[in-house]
Amino acid sequence: MALFDTDSGGDASVKLGLMKCWADRRNWSPVLRWMEEGVHMMSAERFDQVGDFLDRAAQLSSALRP
């Protein structure tokens, strides 16, 4: 979430767009996937594993907040 905060520059609508884009990552075009996997130096399988882990961590974090 901190990355979305930083990348959005504090603009709530930009942050929402980034979050929606991330949530739809399994439908990204092959070129976008290839670029993201390359930037993060991960195989497609590892990228999905890490993405799923981050999603679970974010859900757990929000569930624990009062």
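On a predicted model such as this, the values are computed, not experimentally measured, just so you know. (Residues numbered from 1 in each chain as written. Predicted model: local features only at pLDDT ≥ 70, side-chain atom pairs only at ≥ 80, totals over all residues. Heavy atoms only, no water.)

**What to know about unusual backbone geometry**
At step 1: Located in the positive-phi region is M41, a residue other than glycine, with phi close to 50 degrees.
At step 2: Structurally, the position occupied by M41 is in the loop between α3 (30–39) and α4 (44–64).
At step 3: A relative accessible area of 76% means that M41 is categorised as exposed. (Helix = DSSP H or I, 4+ residues; strand = E, 2+ residues; numbered from the N terminus. Buried < 20%, exposed > 50% of the residue type's maximum accessible area, 1.4 Å probe, protein only.)

**Focus: the pattern of salt bridges**
At step 1: In the structure shown here, the tally under the stated rule is seven salt bridges.
At step 2: Among the ionic pairs, K15 bridges to D5, the shortest N-O distance being 2.5 Å. Taken together, the positions of K15 in helix α2 (residues 12–23) and D5 in helix α1 (residues 2–8) put the pair ten residues apart, joining distant regions of the chain.
At step 3: With relative accessibility at 22%, the residue K15 sits in the partly exposed group.
At step 4: When the shortest N-O distance is used, the salt bridge between E37 and R33 registers 3.0 Å. In this pair, E37 and R33 are both assigned in helix α3, four residues apart and thus about one turn of the helix distant.
At step 5: The network of salt bridges with common partners includes R25, R26, R33, E37, D48, D52 and D55. (Salt bridge = Lys/Arg side-chain N within 4 Å of Asp/Glu carboxyl O.)

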